[in-house]
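# Overview (structure and organization)
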Amino acid sequence: MHEASILFCRRSIILLILLLFPARLPAFDFTLHKQQGAQPGPTLLIVGGIQGDEPGGFNAAALLATRYRVQRGNLWVVPNLNFPSILQRSRGIYGDMNRKFDTLPESDPEYHQIARIKQIIMDPQVDLVFNLHDGSGFYHPEQINRLRNPNRWGQSCIIDQSRLPDTRFGNLEELTRETIQRVNTAALSPEHQFHLKNTRTAAGDIEMQRSLTYYAVRNNKPAFGIEASKSFSTPVRAYYLLSALEAYMEQVGLRFSRDFALTPQGIKQALSENVRVSFGGGRIQLELKDLRPTLNYFPLPKAAAIDFSSNNPLVAVLPYRDRFRIHYGNHRLSFLKPQYFAYDQSLTGIKMLIDGVDRDVKFGTTVPVDNNFLVRGKKGYRVNVIGFQKSGRRNESDLQIAKPQIAGSFSIDKSGNLFRVEVYRQNRFSGMVLVDFRRQTARKGPLVAQAMAGEQRAAEHEN
Ligand SMILES: [Zn+2]
């Protein structure tokens, strides 16, 4: 109980700070990602993250926004509708957002987000609306057991009514039955079968009358809820949500491609690879996979608010006491302990000798190194290879450096392969390049990997 009240206190303080200094914090409004196919076709609006603790839904939507290409028709994706709740791992920090679509007082903290998503739903271009969820257990039309019964939501496609008369794609039940058949053909196990759930909302389901899909339906927009079971891991949930969406998309004539395999393994990889965050207008860029829990002396620009960007709509960097924390969906990844600098804008990159080959390397990039690297000196600029030992110099340019000369505990990744090379002009920070020894480590085989693991444990101990 004591712990809970401390937690509550901390939340109130954060809330208070949010209220007092709105301008100091970046806005966490939801984002709308629009894709237009070369050929005309229907426009689908797909919403994820209406509840912040349903990672299957918001991760599936993020994959749609970032890893799908549309050839015919248009794909509009809101992957992070309740972004503040996603970042707090809460179903809804201001209550259940999916019950705010009927009437809502202007005093509600989410009033403006609701008004904005309503406006997007009502855009004349939008033909179909999908709301992605993770639901408890397994919906079944009959009572089977505690987990499988009519009151559960998982593994179902939800419609508010069978049809929307005189509306294009208004055959809600027909489209959904075909979708369910296709999903079940590709189910990973017979236990995972999807079912149709018709909530017959207009007939008196007061709860559902306040939902997003019913808002769409009562405005003559075909709308569907898709629920994957919370009994599964996030990649398996996303697998079912995307399988169902693809079945709907194929039926209404939206043509698309994606750059990953639609399997739990393919999705797991797609969710973890190549997710990046950058700072200082791209002068620093980190890949989030395998990042250490804390990065010390991180050169951030002197500014009122932290300025970051990411190629993934579920990434945010939030202040946390005297540090910043990188969030990715429901995951809290790493702390950045900042060291503040004025930024030098006079350079966009450096000249390096990588394994004996001259290269121009832009700030914010990661360069693979097999054996050694050297940063070409430039008058007026100072190079700092973080963790480089015993140089006895202030400027580490024009030195050939191999991996054993850098202390493993200074890597930015847990595996000890990625190191920071920072460039300064007097007291100003010019930019960062990452040198990447992952390829070298992979080639050296299991013996070295074992030694690395030992080194890694020692490094962690120091932290
Ligand atoms: Zn939900």
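Residues numbered from 1 in each chain as written. Predicted model: local features only at pLDDT ≥ 70, side-chain atom pairs only at ≥ 80, totals over all residues.

## Quick notes on the sheet that holds strand 20 (residues 366-368)
Taken in spatial order, the 4 strands of this open sheet run 20-25-24-22, and their pairing is mixed. Edge positions in the sheet fall to strand 20 and strand 22 (381-385), since each has one partner strand and no second. Sheet twist, expressed as the average angle between the axes of neighbouring strands with direction ignored, equals 25°. Bridge analysis of strand 22 against strand 24 (residues 418-425) gives 5 bridges, and the strand direction is antiparallel. Its bridge partner being in strand 24, Val385 is matched across the sheet by Val421. (Pairing = 2+ DSSP bridges. Helix = DSSP H or I, 4+ residues; strand = E, 2+ residues; numbered from the N terminus. Axes fitted to C-alpha atoms, helices over the stretch in contact; angles between N-to-C directions.)

## A look at the packing of helix 5 (residues 172-185) against helix 7 (residues 234-252)
Between helix 5 and helix 7, the least distance of the axes is 9 Å, while the angle of their chain directions is 130°. Taken together, the axes of helix 5 and helix 7 lie oblique to each other. Taken as a pair, helix 5 and helix 7 cross one another with a handedness that is right-handed. Contacts between helix 5 and helix 7 pair Leu175, Glu178, Thr179, Arg182 and Val183 from the former with Tyr240, Ser243, Ala244, Ala247, Tyr248 and Gln251 from the latter. Looking at the contact of helix 5 with helix 7 residue by residue, the class counts come to 6 nonpolar, 3 polar and 2 charged. (Parallel < 35°, antiparallel > 145°, perpendicular 65-115°, else oblique. Left-handed = near helix turned anticlockwise from the far one by under 90°. Contact = placed C-beta atoms within 7 Å. Nonpolar A, V, L, I, M, F, W, Y, C, P; charged D, E, K, R; others polar.)

## As for the sheet that holds strand 15 (residues 315-320)
Strand pairing in a sheet relies on backbone hydrogen bonds, with the paired strands running either antiparallel or parallel. The 4 strands lie next to each other as 13-17-16-15, forming an open sheet whose pairing is mixed. Here the strands that pair on one side only, and so sit at the sheet edges, are strand 13 (294-301) and strand 15. The average angle at which neighbouring strand axes cross in this sheet is 40°, direction not considered. Summarising the sheet, strand 15 and strand 16 (residues 323-328) pair through 6 bridges and their orientation is antiparallel. When the sheet's bridge partners are listed, Tyr320 is paired in strand 16 with Arg323.

## Let's talk about helix 5
Here helix 5 spans 20 Å end to end across 14 residues, near enough to the 20 Å set by a 1.5 Å rise per residue. For helix 5, the full list of buried residues reads Leu172, Leu175, Thr176, Thr179 and Val183. Seen along its axis, helix 5 keeps its buried residues to an arc of 95°; they face one direction. Residues of helix 5 that are exposed and point more than 90 degrees away from the buried face comprise Gln181 and Thr185. On its buried side, helix 5 packs onto strand 7 (156-159), strand 8 (195-198), strand 9 (223-229) and helix 7. (Expected span 1.5 Å × (residues − 1). Buried ≥ 20, exposed ≤ 12 C-beta atoms within 10 Å, placed from the backbone. Arc of directions from axis to C-beta.)

## So, the packing of helix 7 against helix 8 (residues 264-272)
Helix 8 packs onto helix 7 with a crossing angle of 110° between their chain directions and a minimal axis gap of 8 Å. With respect to their mutual orientation, helix 7 and helix 8 come out roughly perpendicular. Like other packed secondary-structure pairs, helix 7 and helix 8 cross with a definite hand, here right-handed. For the pair helix 7 and helix 8, contact is made by Pro235, Val236, Ala238 and Tyr239 and by Pro264, Ile267, Lys268 and Leu271, respectively. The class makeup of the residues in the contact of helix 7 with helix 8 is 7 nonpolar, no polar and 1 charged.

Don't take any of this as a statement about function, it's just geometry.
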